[in-house]
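# Observations on the model geometry
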Amino acid sequence: MQNLNIKMKALILLLICSIFIAGCEFKDIDKTVFIAMIAIDKSDEEDKPYKITLKLYEPTSSFKEATAPEYSYLTQTGETLSEAIRILESYSDKELEFGHSKLIVIGEDLLKEDKNEEIIDFLLRRPDIQMISWISIGRPSAEEIIKLIPQGETAAYPELFNYFDENGTTSPFIVTTYLFEFRRNMKEKGIDTVIPIIEIVKEDEHFKINKSFLLANNKEPHELETLNTSIYNLLTKKSKSAELKIEEDGDSFIANIDTIRSNYKVIIKDDSTIELDIKASLKGSISESKKPLKNKDLPKYNKQLKRETEEKITAFIKEMMELGYDPLGFGIDYKGKVLHNRRMSETEWMEAYKNAKVNVTVTPGLKSTGSIQ
């Protein structure tokens, strides 16, 4: 009987407590508008330096019946990014849902204003912005990038997403950078971040993504041209394939690389001297040539691929060393090998990095000269 009274008291207490528990807030889907992309630009107003443009999905009853994609846009300037968003929320009768936004584009002009800290802080503090969103640079502006709708774009999936999700194009010139990666590399000492540049070919009204920006704290952004962007992708294994143009000893051909393996590390010689060791294994075949090629000459073509690729990689690494950038993260590798109380200071490390010996070894693996029928 006593046990029954205890159980009854516990049940009554549980019922009383449940009165004060708030239920889940739920909004109907027709009271929500989903954001596809976010554009952050520099505004023309001195007191309101930020301009945010949101690309909103327009509701449709059926994607199969939709003849073309439909979007709407909201634009607002503000003294801060949060202020601009708060004002934008008053422009719509529905709640702005950032959880489905997959692409964040920063205008090139704003990038050169060194506002990376403020932008990262805003994007990370909002719990509804995904850390796996892609981040990129828009040229000439982020607003122009997200407002362009190329011919042939479907209503279900914006064309820009295909460049970064690895389900569409697999170009060796496209860098894919996630928001969490951008934040980590900007905060971490020992590695610098690389972000793709999205451009518009106005004559044909389509996108072009084959360059990137190299960013580091307290430094001017450095633009990586097409070749250096592809070398960065090759070394960091961000691309699964590559095409390398070889011109040597009177031969000219394109090596189509379909298997890439690479690794790089710091070799510590003494307290103030290091070497940078880079190894790459490239396997594939010849996809194009200006003259007939023979399979029996493959050892010769492999030597040419080895020499020229080693030269290009070495030139890329030495350019980064001279400029003081470390996109591959040699600094992190060094910190992982040396106890914190025995490491060089940042100044000493940068001096050692700039004067390091570079060892590049490429193992070529051309299997054929292609198939001609």
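The sections below set out a description of the structure shown in this document. (Residues numbered from 1 in each chain as written. Predicted model: local features only at pLDDT ≥ 70, side-chain atom pairs only at ≥ 80, totals over all residues. Heavy atoms only, no water.)

### Some remarks on the pattern of salt bridges
Overall, the coordinates contain 19 salt bridges when judged by the stated rule. Of the charged contacts in the structure, one is a salt bridge between Glu143 and Lys147, with a shortest N-O distance of 2.9 Å. Remark: Lys147 and Glu143 occur in helix H5 (residues 142-147); sequence separation between them is four residues, near one turn of the helix. We classify Lys147 as partly exposed; its relative accessible area is 36%. Taking the shortest distance from any N to any O, the salt bridge between Lys279 and Asp277 comes out at 2.8 Å. (Salt bridge = Lys/Arg side-chain N within 4 Å of Asp/Glu carboxyl O. Helix = DSSP H or I, 4+ residues; strand = E, 2+ residues; numbered from the N terminus. Buried < 20%, exposed > 50% of the residue type's maximum accessible area, 1.4 Å probe, protein only.)

### Examining a nonpolar patch on the surface
On the surface, Met131, Ile132 and Phe180 cluster together into a nonpolar patch covering about 260 Å² of accessible area. Looking at the element boundaries, Ile132 is found in the loop between helix H4 (116-125) and strand S6 (134-139). Ile132 gets classed as exposed once you look at its relative accessible area, which sits at 52%. (Patch = residues over 30% accessible without salt bridge, like charges linked within 9 Å, V, L, I, M, F, W, Y side chains within 5 Å. Areas by Shrake-Rupley, 256 points an atom, 1.4 Å probe, with all protein chains shown as cover.)

### Considering the environment of Ser82
Considering the arrangement of structural elements, one finds Ser82 in helix H2 (residues 81-89). By relative accessible area, which is 35% here, Ser82 ends up partly exposed. Between the C-alpha atoms of Ser82 and Leu123, which are 41 residues apart in sequence, the distance is 9.7 Å.

### Things to note about helix H11 (residues 346-354)
For H11, the full list of buried residues reads Trp349, Ala352 and Tyr353. Viewed along the axis of H11, the buried residues span an arc of 100°, placing them on a single side of the element. Check the buried side of H11 and you find it contacts strand S11 (251-268), strand S12 (274-289), helix H9 (298-323) and helix H10 (330-337). (Arc of directions from axis to C-beta. Contact = heavy atoms within 4.5 Å.)

### Considerations on the packing of aromatic side chains
Considering all chains together, one arrives at eleven aromatic pairs under this definition. Taking 6.5 Å as the distance between ring centres and 40° as the angle between the ring planes, the aromatic pair formed by Phe330 and Tyr353 counts as tilted. Of this pair, Phe330 sits in helix H10 while Tyr353 sits in helix H11, and the two are 23 residues apart along the sequence. Geometrically, the ring pair formed by Trp349 and Tyr353 is stacked, given 5.9 Å between the ring centres and 25° between the ring planes. Residue Trp349 and its partner Tyr353 are located together in helix H11, separated by four residues, close to a single helical turn. As far as the burial class goes, Trp349 and Tyr353 line up, both buried. Each residue in the set Tyr264, Phe330, Tyr334, Trp349 and Tyr353 is aromatic and connected to the rest through ring pairs, giving one cluster. A cation over an aromatic ring shows up here: Lys147 above the ring of Tyr73, its NZ or CZ 5.6 Å from the ring centre. (Phe/Tyr/Trp six-rings, centres within 6.5 Å; stacked < 30°, edge-to-face > 60°. Lys NZ or Arg CZ within 6 Å of the ring centre and 35° of its normal.)

### Topic: H2
All buried positions along H2 are accounted for by Leu81, Ala84, Ile85 and Leu88. The buried residues of H2 occupy an angular sector of 100° when the element is viewed end-on, so they sit on one face. Where H2 is buried, its residues contact strand S1 (32-42), strand S2 (50-57), strand S3 (71-78), strand S4 (95-97) and H4.

### Topic: the packing of H4 against helix H7 (residues 179-187)
It is at 11 Å that the axes of H4 and H7 come closest, and there the two elements cross at 135°. Overall, the two elements H4 and H7 adopt an arrangement that is oblique. In the crossing of H4 with H7, the sense of the turn from one axis to the other is left-handed. In this structure, H4 contributes Asn116, Glu117, Ile120, Leu123 and Leu124 to the contact, and H7 contributes Leu179, Phe182, Arg183, Met186 and Lys187. Residue composition of the contact of H4 with H7, grouped by class: six nonpolar, one polar and three charged. (Axes fitted to C-alpha atoms, helices over the stretch in contact; angles between N-to-C directions. Parallel < 35°, antiparallel > 145°, perpendicular 65-115°, else oblique. Left-handed = near helix turned anticlockwise from the far one by under 90°. Nonpolar A, V, L, I, M, F, W, Y, C, P; charged D, E, K, R; others polar.)

### Quick notes on the sheet that holds S11
Pairing within the open sheet is mixed, and its four strands lie in the order S10-S11-S12-S13. Because the sheet does not close on itself, it has two edges, and the strands there are strand S10 (242-248) and strand S13 (357-366). Strand-to-strand twist of the sheet, defined as the mean angle between neighbouring strand axes without regard to direction, takes the value 40°. Judged from the seven bridges that link them, S10 and S11 form a sheet pairing that is antiparallel. Residue pairing across strands places Glu247 opposite Ser252, the latter belonging to S11. Against the sheet, helix H8 (residues 226-236) touches S10, S11 and S12, its axis set at about 60° to S11. (Pairing = 2+ DSSP bridges.)

By themselves, these are just geometric observations and shouldn't be taken as functional.
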